[in-house]
Amino acid sequence: MKSISLHFATKSQLLEFLVMAGDIRCTVDLQNLMLTSFDSELDLLPVMDQYLSAVAG
């Protein structure tokens, strides 16, 4: 099964993304600040766009 891993600089960034992700199926590694999703890129892209817009705000 294909997965997508995202790495974050801070725990707060990871948690903010996770809140926006809603029902995206993923695992979270807080020690390494990494989120791994098993959903498709198409499911994850809107969340990534929303997160990047909020960060760039």
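K.L.:
It is not clear to me how the packing of helix α1 (residues 11-21) against helix α2 (residues 41-56) should be interpreted in this structure. Could you clarify?
P.N.:
The description of two packed helices rests on the angle between their axes and on the distance between the axes. As a packed pair, α1 and α2 sit with axes 9 Å apart at the nearest point and diverge in direction by 130°. Put simply, α1 runs oblique to α2. Judged by the sense of rotation from one axis to the other, the crossing of α1 with α2 is right-handed. Seen from α1, the contacting residues are Gln13, Glu16, Phe17, Met20 and Ala21; seen from α2, they are Leu44, Val47, Met48, Gln50, Tyr51 and Ala54. Taken together, the residues of the contact of α1 with α2 break down into eight nonpolar, two polar and one charged.

K.L.:
Would you mind going over the sheet that holds strand β3 (residues 34-37) with me for this structure?
P.N.:
Hydrogen bonding along the main chain pairs the strands of a sheet, whether they run parallel or antiparallel. The three strands lie next to each other as β1-β3-β2, forming an open sheet whose pairing is antiparallel. Both outer strands of the open sheet, β1 (4-7) and β2 (26-29), are each paired with one neighbouring strand and no more. Going across the sheet, the axis of each strand differs from the next one's by a mean of 15°, ignoring polarity. Two elements, β2 and β3, share four bridges in a ladder whose sense is antiparallel. In the strand pairing of β3, Cys26 is matched with Ser37.

K.L.:
I tried to follow the environment of Asp29 on my own but got confused; where do I start?
P.N.:
Checked against the element boundaries, Asp29 lands in strand β2. Residue classification places Asp29 among the partly exposed residues on the basis of a relative accessible area of 24%. Taking the C-alpha atoms as reference points, Asp29 and Ser40, 11 residues apart in sequence, are found 19 Å from one another. Excluding residues within four positions of it along the chain, Asp29 makes contact with Leu14 and Met34. Side chain to side chain, Asp29 and Asn32 meet in a polar contact 2.7 Å long.

Conventions adopted
Within each chain, residue numbers correspond to sequence positions counted from 1 in written order. Residue-level local features of this predicted model are given only where pLDDT is at least 70; pairs of side-chain atoms are given and counted only at 80 or more, and the full residue set underlies all totals for whole chains, interfaces and linings. The basis for the side-chain values is all heavy atoms of the structure; hydrogens and waters are excluded. Orientation is described by lines fitted to C-alpha atoms, with helices fitted over the stretch in contact, and by angles between N-to-C directions that extend from 0 to 180 degrees. Helical segments are the DSSP runs of H or I of at least four residues, strand segments are the runs of E of at least two, and each set is numbered from the N terminus. Throughout this description, any angle smaller than 35 degrees is read as roughly parallel, any larger than 145 degrees as roughly antiparallel, any in the 65 to 115 degree range as roughly perpendicular, and the remainder as oblique. Note on convention: near helix rotated counterclockwise from far helix by under a right angle means a left-handed crossing. Clockwise means right-handed. In this description, contact between two residues means that some pair of their heavy atoms is separated by no more than 4.5 Å. In the scheme used here, Gly and all other residues not listed as nonpolar or charged are polar, with Ala, Val, Leu, Ile, Met, Phe, Trp, Tyr, Cys and Pro taken as nonpolar and Asp, Glu, Lys and Arg as charged. Pairing between two strands is assigned when DSSP locates at least 2 bridges connecting them. Each residue's exposure class comes from its accessible area (1.4 Å probe, protein chains only) as a fraction of the maximum for that residue type: buried when under 20%, exposed when over 50%, partly exposed otherwise. We define a polar contact as two N or O atoms separated by no more than 3.5 Å, with the added condition that, inside protein, one atom must be a possible hydrogen donor and the other a possible acceptor, whereas residues neighbouring each other in sequence contribute only through side-chain atom pairs.

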